[in-house]
Each structure stands twice: as C-alpha cells, then as structure tokens.
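Next come the chains, spelled out residue by residue.
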Amino acid sequence: MEILGIDVGGTGIKGAIVNVETGALITEKHRIPTPKGAKPNDVADVVAKLVEHFDWQGKIGCGFPAIISHGVALSSGNIDKSWQGTNVEDIFNKRTGLEFHVGNDADAAGLAEITFGAGKGKNGLVLMITIGTGLGSGLFYNGILVPNLELGTLPYKKFKHIEHWAADSARKRDELSYPEWGKRFNKFLKIVNGLTSPDLIILGGGASKKLQRFEGQITIKTPVIVAQFQNNAGIVGAALIAK
Ligand code: BGC
C-alpha cells in the first residue's frame with residue numbers, strides 16, 4: 001500500500017509517497033519552505049501544493065510540530081499560536097478534499113524507526129529525539145508509542161523551553177560550532193535520560209546527520225544512535241500514521 005506522507009516542520013514542509021509495507025520512499029521527496037509565521041491558512045496552502053505536486057488522491061498521513069490529540073493541536077511551539085485548539089485534520093481535509101491523519105512529528109519519526117529502522121525489534125524503552133527548529137521526542141515501550149511526550153518543552157534556566165537553548169535553531173542563532181552546541185545538547189540528553197531511563201536513544205532531524213561532529217560531547221551511558229531514515233523518518237512515519 002502507498003500513502004502520501006507529509007512532514008510539517010518549522011522551516012520546511014516535506015512530502016513523499018511511501019510504501020507503508022517496507023518504509024521505502026517511492027518518489028523523490030519534495031520540500032517547500034514553511035511560510036513565515038506558519039499560520040493555518042498558509043500552511044494548508046503549502047500542504048495543498050504538495051498534494052498537487054504528487055497528483056495524490058488517496059489518504060494522507062501528516063506529522064505536525066505540536067501536541068496532537070485526536071486531530072486537534074494542543075500546543076504551538078514553533079508555529080503560529082492560532083493553531084491551538086484547531087482540528088488540523090479538518091483544516092487540511094477542507095483545503096484538499098482528502099482524508100488526513102495527523103500526529104506529532106517526533107512521534108511519527110519514531111514510528112518509522114521502530115517499525116523499519118534503527119529501533120526495529122528493540123524491546124524496552126526507546127526514545128526518539130528529533131533535532132531541528134525544536135527538539136521533538138517520541139517514547140516507545142516494547143514497540144508501542146506513548147504519544148505526545150514533549151521533552152523539548154521542559155523549562156531550563158532563563159529559557160521557557162530547553163529547545164530554545166539546545167535545538168539546532170539555537171546552534172545557528174548563537175553561531176556555535178558543533179562541539180560547542182554538542183555540550184548543550186548533551187545537557188538536554190542528561191536531563192531526559194534521567195527522567196525517562198531509556199534503553200536506547202535514536203536521534204533524527206537534520207542535525208542527526210552530523211552526529212560525528214558532536215558525539216565526543218555526549219557523556220550519557222545510554223546508547224545513542226542515528227535514525228536509519230535520518231531526515232526522512234518524519235515522512236515515512238507520517239505515512240504510517242495513516243496506515
Ligand atoms: C513541539 C513538539 C515538536 C517539536 C519538533 C516542539 O516545539 O513542542 O511538539 O515535536 O517542536 O518539531
């Protein structure tokens with residue numbers, strides 16, 4: 001079965017058609033920059049453009065950078081505040097006429113890794129962390145998702161959310177080298193490791209491809225590995241949400 005997977009991120013909105021039996025992308029991925037402010041109408045327009053690009057008629061799975069409960073956004077970290085309380089599935093459905101299944105983006109990325117990737121067959125507690133505009137988290141116990149864990153929103157020092165200090169966007173903003181930023185990311189890992197005691201941590205998102213440049217800064221004992229789907233985990237997992 002093939003499903004269009006769409007990953008809505010703070011800086012880019014990406015999609016590809018995914019074979020949900022194997023996790024393979026069966027088209028090139030297509031990316032459109034996230035419209036400034038990421039307001040509902042503007043994001044829905046981009047989602048519709050992706051649907052058009054793939055000439056897609058079937059159902060669609062979508063990873064979204066917020067807490068998503070029964071299709072409704074309950075937070076709005078790196079997107080416009082007006083998303084809060086809206087039914088994201090309905091908004092995209094009204095705009096495209098197609099059936100949408102929406103979940104948290106990091107939960108989606110984790111789903112891809114647990115099903116086909118670096119977490120396949122791993123029992124116990126597996127924590128997926130996505131490093132991008134924010135810090136996303138997805139927790140799995142014996143392969144089952146515990147949805148909407150929001151570790152990037154923990155308060156830290158003067159920062160409302162630790163992701164404002166330790167995400168990849170903070171590395172760029174503060175012009176840090178990977179080792180300099182790696183110390184911050186390690187602090188984040190130490191805190192979340194202490195809170196959740198995972199057996200394995202899988203890193204996804206753009207910066208995970210650069211693990212070699214900051215793994216020297218990681219001091220926790222828990223094994224930390226890179227997502228097998230790297231930056232495509234969000235798209236593959238999005239399609240799995242709709243499966
Ligand atoms: C949001 C999370 C999301 C993460 C990554 C955070 O700002 O609170 O829901 O998973 O960004 O996009």
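First things first, this report covers the structure right here in the doc. Per chain, the residues get numbers from 1 upward, laid out in the order the sequence is written. A pLDDT threshold of at least 70 governs which residues receive local features in this predicted model, and a stricter bar of 80 or more applies before side-chain atom pairs are shown or counted, although totals over entire chains, interfaces and linings include all residues. In computing side-chain values, all of the structure's heavy atoms are included and hydrogens and water are not.

1. Examining the overall build of the protein chain
Consideration 1: Only DSSP runs of H or I reaching four residues or more are called helices, and only runs of E reaching two or more are called strands; each is numbered from the N terminus. Each helix and strand counted, the protein chain has eight helices and 13 strands in total.
Consideration 2: We compute the radius of gyration over the C-alpha atoms and compare it with the globule rule, which gives 2.2 Å times the number of residues raised to the power 0.38. The C-alpha radius of gyration computed for the protein chain amounts to 17 Å, which stays within 12% of the reference 18 Å derived for 243 residues, consistent with globular compactness.
Consideration 3: Out of the 243 residues belonging to the protein chain, those deemed buried represent 54%.
Consideration 4: By sequence separation, contacts in the protein chain at least 24 residues apart represent 61% of the contacts at least 6 residues apart.
Consideration 5: In the structure as shown, the protein chain presents an accessible area of about 10800 Å², 50% of it carried by carbon and sulfur atoms.
Consideration 6: Only four residue types enter the charge count, namely Lys and Arg as positive and Asp and Glu as negative; His and the chain termini do not. Charged side chains are reduced to one point each, which is NZ for Lys, CZ for Arg, CG for Asp and CD for Glu. Taking the average place of the 27 positive charges on the side chains of the protein chain and the average place of its 23 negative ones, the gap between the two points comes to 9 Å. Note on classification: 1.4 Å probe, protein chains only; a residue is buried when its accessible area is under 20% of the maximum for its type, exposed when over 50%, partly exposed between these limits. What makes two residues a contact is simply this: any of their non-hydrogen atoms within 4.5 Å. We get accessible surface area from the Shrake-Rupley algorithm with a probe of 1.4 Å; when it comes to residues, only the shown protein chains can shield them.

2. Structural notes on a positive patch on the surface
Consideration 1: A cluster of basic residues, K29, R31, K209, K210 and R213, forms a positive patch on the protein surface.
Consideration 2: Along the chain, the position of K210 falls in the loop between β12 (200-204) and α7 (211-214).
Consideration 3: Looking at K210, the relative accessible area reads 34%, which means it is partly exposed. Residues form patches when they are more than 30% accessible in relative terms and have no salt bridge. Like charges link within 9 Å. Nonpolar side chains (Val, Leu, Ile, Met, Phe, Trp, Tyr) link within 5 Å. When a carboxyl oxygen of Asp or Glu lies within 4 Å of a side-chain nitrogen of Lys or Arg, that pair is called a salt bridge.

3. Thoughts on helix α2 (residues 88-96)
Consideration 1: N or O atoms within 3.5 Å of each other form a polar contact, as long as, within protein, one can give a hydrogen and the other can take it, and as long as residues adjacent in sequence are counted only when both atoms are side-chain atoms. Put simply, N87 is the residue that caps the front of α2, since its side-chain oxygen is 3.1 Å from the backbone nitrogen of E89.
Consideration 2: Positive phi shows up at G97, right after α2, with a value of about 80°.

4. A short note on the sheet that holds β12
Consideration 1: Pairing is mixed across the open sheet formed by five strands, whose spatial order is β11-β10-β9-β12-β13. Every other strand in the sheet has two partners, leaving β11 (144-146) and β13 (224-226) as the edge strands with one partner each. Strand-to-strand twist across the sheet, computed as the mean angle between neighbouring axes with direction ignored, equals 30°.
Consideration 2: Here, any two strands with at least 2 DSSP bridges between them count as paired. Where strand β9 (residues 125-131) and β12 come together, five bridges link them in parallel fashion. Bridge pairing links M128 to I202 in β12.
Consideration 3: Orientation is described by axes fitted as lines to C-alpha atoms, over the contacting stretch for helices, and by angles from 0 to 180 degrees between their N-to-C directions. The sheet contacts of helix α3 (residues 105-116) involve β9, β10 (135-141), β11 and β12, and relative to β10 the element is tilted by about 45°.
Consideration 4: Against the sheet, helix α6 (residues 178-196) contacts β9, β10, β12 and β13, and its axis sits at roughly 150° relative to β9.

5. Side note on the pattern of salt bridges
Consideration 1: Summed over all chains, the structure comprises seven salt bridges.
Consideration 2: The salt bridge partner of D7 is K14, with a shortest N-O separation of 3.9 Å.
Consideration 3: On the basis of relative accessibility, which here comes to 11%, the residue D7 falls in the buried class.
Consideration 4: Assessed through its relative accessible area of 11%, K14 is described here as buried.

6. Comments concerning the site of the ligand
Consideration 1: Near the ligand, the surroundings consist of P65, A66, I67, G77, N78, N104, D105, L135, G136, E150, T153 and E163.
Consideration 2: At a separation of 3.5 Å, an oxygen atom of the ligand approaches a polar backbone atom of A66.
Consideration 3: Notes on the ligand: free accessible area 310 Å², of which the protein chains cover 94%.
Consideration 4: Here the residues of the shell around the ligand are counted per class, giving four nonpolar, five polar and three charged. We call a residue near a molecule or strand when any one of its heavy atoms sits within 4 Å of it. Side-chain classes are defined by residue name, with Ala, Val, Leu, Ile, Met, Phe, Trp, Tyr, Cys and Pro counting as nonpolar, Asp, Glu, Lys and Arg as charged, and the others, Gly among them, as polar.

7. Things to note about the environment of L135
Consideration 1: As for its placement among the helices and strands, L135 is situated in strand β10.
Consideration 2: C-alpha separation for the pair L135 and T153, spaced 18 residues apart in sequence, amounts to 8.0 Å.
Consideration 3: Aside from chain neighbours lying at most four places away, what touches L135 is T130, G152, E163, A166, A167, F185 and F188.

8. Remarks on the packing of α3 against helix α8 (residues 233-242)
Consideration 1: One can describe the packing of α3 onto α8 by two numbers: an axis separation of 7 Å at closest approach and a directional angle of 85°. Viewed along their axes, α3 and α8 adopt a mutual orientation that is roughly perpendicular. Across the interface between the two elements, A108, A109, L111, A112, E113, T115 and F116 from α3 touch A233, G234, V236, G237, A238, L240 and I241 from α8.
Consideration 2: Among the residues making up the contact of α3 with α8, the classes are represented as ten nonpolar, three polar and one charged. Any angle that falls under 35 degrees is termed roughly parallel, while one over 145 is termed roughly antiparallel, one within 65 to 115 roughly perpendicular, and all others oblique.

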